[in-house]
Amino acid sequence: MTTIRRLQNHLGPATALFIVFFLLCTGTPGFSAWSAQTFRSETAQQRIKAQLGPQIGTAAIWLADINRDFRLPISSKLNRIERLFRIRQTWALYTNGPNHSCRLEAWVDDELVYRTRDAQHRWMALQLEHRKLRPMVDSVASKANAFNWRGMGRFLVNAARRDFPEAQSVTLVATRARFGLQDTTPTHGHRANAETQWQLQSIPVEQLPDSTP
Amino acid sequence: MNIWRRWVDHCNRPTDTRVYAAMRIGLAALVLGDIAHLYALGVADEVYHTFQHGGLSAFAGKTDVLGGIHPDAGMVALGFLVLCMLCVVAGVATRPALLAGVLTYAALGSLYPPGDRGIDRIVRSAMLLLIFSGSHLRWSLWRHIRGRAPVLHSPAWPADMTRWLLVVIYLSAGVGKLGHSAWLSWSGPPELYTILTDPLAGRLDAVWWHGLWWPFWVGGLVTIVLEVSSPLLLWKRIAPWWGLGGVGLHLGIAATMGLGIFPWGMLALYPAVFAEWLTTPQPPPSPVSKS
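Attention here is on the structure that accompanies the text. Residue numbers run consecutively from 1 along every chain, following the written order of its sequence. Whichever chain is written first becomes A and whichever ligand is written first becomes 1, with later ones labelled in order. In view of the model being predicted, local features appear only for residues whose pLDDT reaches at least 70, and side-chain atom pairs are presented and counted only at 80 or more, with totals across whole chains, interfaces and linings using the full set of residues. Only hydrogens and water are set aside; all other atoms, that is, all heavy atoms of the structure, feed into the side-chain values.

### Looking at the sheet that holds strand β3 (residues 169–177) of chain A
Residue and element names in this part refer to chain A.
Okay, so step 1: Strand pairing follows a simple DSSP-based rule, namely that at least 2 bridges must link the two strands. In this description a helix means any DSSP run of H or I spanning at least four residues, a strand means any run of E spanning at least two, and both kinds are numbered starting from the N terminus. Strand order in the open sheet made by the five strands is β2-β1-β3-β4-β5, with antiparallel pairing throughout. Each of the sheet's edge strands pairs with one partner strand only, and the pair in question is β2 (111–115) and β5 (201–202).
Okay, so step 2: Taken together, the eight bridges between strand β1 (residues 101–108) and β3 define a ladder with antiparallel strand orientation. Paired with R103 across the bridge in β3 is T175.
Okay, so step 3: Against the sheet, helix α5 (residues 134–142) makes contact with β1, β3 and β4 (185–193), and its axis sits at roughly 95° relative to β1, the strand it touches most. Pairs of residues are marked as contacts when any of their non-hydrogen atoms sit within 4.5 Å. Inter-axis angles, ranging from 0 to 180 degrees, are taken between N-to-C directions of lines fitted to C-alpha atoms, where helices are fitted over the stretch in contact.

Take a look at the structure:
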């Protein structure tokens with residue numbers, strides 16, 4: 001066997017070892033929420049010992065030390081690879097559900113044309129439920145100060161003016177309800193019309209249209 | 001035999017190249033289908049332009065390079081990504097196409113961070129692993145045109161690493177769920193109920209299912225058990241049996257949630273899980289070191 005062939009036989013396993021190390025450091029299950037400050041202060045250490053008992057508490061503090069002294073520094077170096085390929089290895093896939101049932105509504109003049117997961121009001125539903133747009137609908141529906149109100153709002157206003165040329169106003173309303181109950185209440189919203197040059201402007205909750213069945 | 005030698009032999013043991021070829025075609029076809037869907041809905045322009053040029057997202061990622069080049073750089077990159085993925089599906093210049101495709105895919109993710117989801121990171125990670133595999137040695141148009149016979153086996157370590165990636169993903173999700181006491185609580189609406197009936201992601205009717213908790217408690221427990229037991233994927237003989245549960249989990253997600261390509265993207269990695277069953281028992285051509 002030639003030297004090159006011999007080296008090739010070792011190159012793959014060496015790469016595999018690096019990948020094991022890379023995933024272990026950057027994506028250690030259960031450690032994604034642990035920062036350098038976790039269980040660092042005396043107060044935090046006493047609290048965790050009181051909460052979990054002295055043995056498990058001490059083990060948790062020991063793990064936090066390893067996380068702070070070894071995993072995080074190595075992980076920050078490997079972060080360059082993660083950033084280049086956008087392969088950040090922190091996975092928190094549905095660790096908990098939402099507290100409320102939030103929806104986004106779109107009104108053209110006084111007519112409700114879209115409501116999240118509403119079979120009766122499906123204007124632009126296919127687009128808004130696409131996985132690329134759904135996260136924006138999610139943040140806009142759940143947070144009054146969502147960063148992407150402007151982008152999502154402009155997109156919907158433009159689409160409404162295209163599909164409803166006679167429209168005088170477009171109103172976007174975020175609603176909230178408790179799970180399983182139909183106690184839907186509007187939480188925040190924006191309206192655009194000719195007076196505002198079709199720019200969305202925040203409007204008080206009491207002026208929002210109410211679609212409660 | 002020393003530890004390193006055992007590791008080398010373990011990594012270089014042969015696996016069927018159909019495993020890698022199936023992953024290669026599945027992942028690339030998934031990306032192509034996702035882009036085609038975006039085009040069919042008429043929103044590709046909004047997604048891949050910056051906010052200043054009529055796009056949706058009011059912010060770009062820290063590593064965004066496309067936004068500053070040209071207003072249409074995102075659309076050009078999208079076209080290039082399509083070209084790369086077509087090459088990957090066909091098995092033409094597979095490895096360079098995978099690398100260029102992953103870099104372009106990442107650049108597009110930076111241009112539109114809200115739409116760059118967990119599954120996109122998973123697909124990119126898996127494609128990077130495929131670069132080291134023998135995915136180009138089977139079901140390749142390029143080899144067919146050049147009259148080269150397909151290679152039946154290649155080293156197993158990229159499939160092992162794909163399973164290791166799955167372990168990290170599933171175990172993180174499982175440990176995360178155990179950290180939320182609501183998953184194991186018998187009082188109040190189960191966590192799985194709020195996830196599957198969330199109008200923004202789930203498909204089930206919150207009112208209809210309200211009070212009928214037991215399917216969600218059982219489903220939640222099964223999910224946690226499956227995710228926490230995912231290290232079993234590291235045992236090649238047990239992995240396919242665990243994989244049957246994993247397939248059930250992702251088909252369940254596909255039926256009850258509107259997460260787009262997520263369940264299908266995960267299933268595209270499953271040839272690595274079923275590698276033991278897919279590998280034919282014939283002797284390997286010889287990438288195994290036996291010096």
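### Overview of unusual backbone geometry
Residue and element names in this part refer to chain A.
Okay, so step 1: With a phi angle near 50°, R86 is a residue other than glycine that sits in the positive phi range.
Okay, so step 2: Mapped onto the fold, R86 is located in the loop between α3 (54–85) and β1.
Okay, so step 3: Residues other than glycine seldom take positive phi values, yet R117 does so here, at roughly 50°.
Okay, so step 4: Position of R117 relative to the elements: it lies in the loop between β2 and α4 (125–128).
Okay, so step 5: Think of it in three bands: with a 1.4 Å probe and only protein chains considered, a residue is buried below 20% of the maximum accessible area for its type, exposed above 50%, and partly exposed in between. You can call R117 partly exposed: its relative accessible area is 29%.

### Side note on the interface of chain A and chain B
Okay, so step 1: Tallying the contact residues gives 58 residues for chain A and 82 residues for chain B.
Okay, so step 2: Among the residues chain A hides against chain B, the three largest losses belong to R86, W91 and R131 of chain A. Together they make up 14% of the total.
Okay, so step 3: Salt bridges are identified by distance alone: a Lys or Arg side-chain nitrogen within 4 Å of an Asp or Glu carboxyl oxygen. At the boundary of chain A with chain B, the tally comes to three salt bridges.
Okay, so step 4: Of the charged contacts, one joins D34 of chain B and R131 of chain A as a salt bridge, the two residues approaching to 2.6 Å between their closest N and O atoms.
Okay, so step 5: Two N or O atoms count as a polar contact when they lie within 3.5 Å, although within protein this holds only if one can serve as hydrogen donor and the other as acceptor, and sequence-adjacent residues are included solely when both atoms are side-chain atoms. One can count 29 residue pairs in polar contact (both at pLDDT 80 or more) joining chain A with chain B.
Okay, so step 6: Elements represented by at least two residues in the side of chain A that touches chain B include exactly α1 (3–26), α3, β1, α4, α5 and α6 (149–163) of chain A. The term buried area denotes the loss of accessible surface (1.4 Å probe radius) that occurs when two parts are joined, taken as the sum for both partners.

### Digging into the packing of α1 of chain A against helix α1 (residues 3–12) of chain B
Okay, so step 1: With their axes 9 Å apart at the nearest point, α1 of chain A and α1 of chain B run at an angle of 95° to one another. Judged by the inter-axis angle, α1 of chain A sits roughly perpendicular to α1 of chain B. Only W4, R5, W7, V8, C11 and N12 of chain B of α1 of chain B make contact with α1 of chain A, whose side of the interface consists of N9, H10, P13, A14, A16, L17 and V20 of chain A.
Okay, so step 2: Among the residues making up the contact of α1 of chain A with α1 of chain B, the classes are represented as nine nonpolar, three polar and one charged. Throughout, the term roughly parallel applies to angles under 35 degrees, roughly antiparallel to angles over 145, roughly perpendicular to angles from 65 to 115, and oblique to all others. For this scheme, ten residues count as nonpolar: Ala, Val, Leu, Ile, Met, Phe, Trp, Tyr, Cys and Pro. Four count as charged, namely Asp, Glu, Lys and Arg, and the remainder, Gly too, count as polar.

### A look at helix α2 (residues 42–52) of chain A
All names here are of chain A.
Okay, so step 1: Buried residues of α2: A44, Q45 and I48, and no others. Summarising the axial view, the buried residues of α2 lie within an arc of 100°, below the 170-degree limit, and thus occupy one face. Across α2 from its buried face, at more than 90 degrees, point the exposed residues E42, T43, Q46, R47 and A50. Here the arc refers to the set of directions running from the helix axis out to each C-beta atom.

### Concerning the packing of α1 of chain A against helix α8 (residues 157–178) of chain B
Okay, so step 1: Following both chains from N to C, one finds α1 of chain A and α8 of chain B inclined at 5°, their axes separated by 10 Å at the closest point. Between α1 of chain A and α8 of chain B, the angle is such that the two are roughly parallel. For the pair α1 of chain A and α8 of chain B, the contacting residues are G12, P13, T15, A16, I19, V20, L23 and L24 of chain A in the first and W157, M161, W164, L165 and V168 of chain B in the second.
Okay, so step 2: Its residues assigned to classes, the contact of α1 of chain A with α8 of chain B shows 11 nonpolar, two polar and no charged.

### With respect to the pattern of salt bridges
Okay, so step 1: Following the criterion strictly, the structure yields 17 salt bridges over all chains and no others.
Okay, so step 2: Between R178 of chain A and D183 of chain A there is a salt bridge whose closest N-O contact spans 2.7 Å.
Okay, so step 3: Note that R163 of chain B is salt-bridged to D160 of chain B, the shortest N-O span being 3.0 Å. One end of the pair is R163 of chain B and the other is D160 of chain B, both in helix α8 and three residues apart, which spans about a single turn. Like R163 of chain B, the residue D160 of chain B is buried in the burial classification.
Okay, so step 4: Each of R86 of chain A together with D116 and R124 of chain B takes part in a single network of salt bridges with overlapping partners.

### Some details on the pairing of β4 of chain A
All names here are of chain A.
Okay, so step 1: Alignment of β3 against β4, held across eight bridges, turns out to be antiparallel. Each residue of the ladder has a partner; that of V170, found in β4, is A192.
Okay, so step 2: Bridging between β4 and β5 involves two bridges; their strand directions are antiparallel. For H190, the partnering residue across the bridge sits in β5 and is S202.

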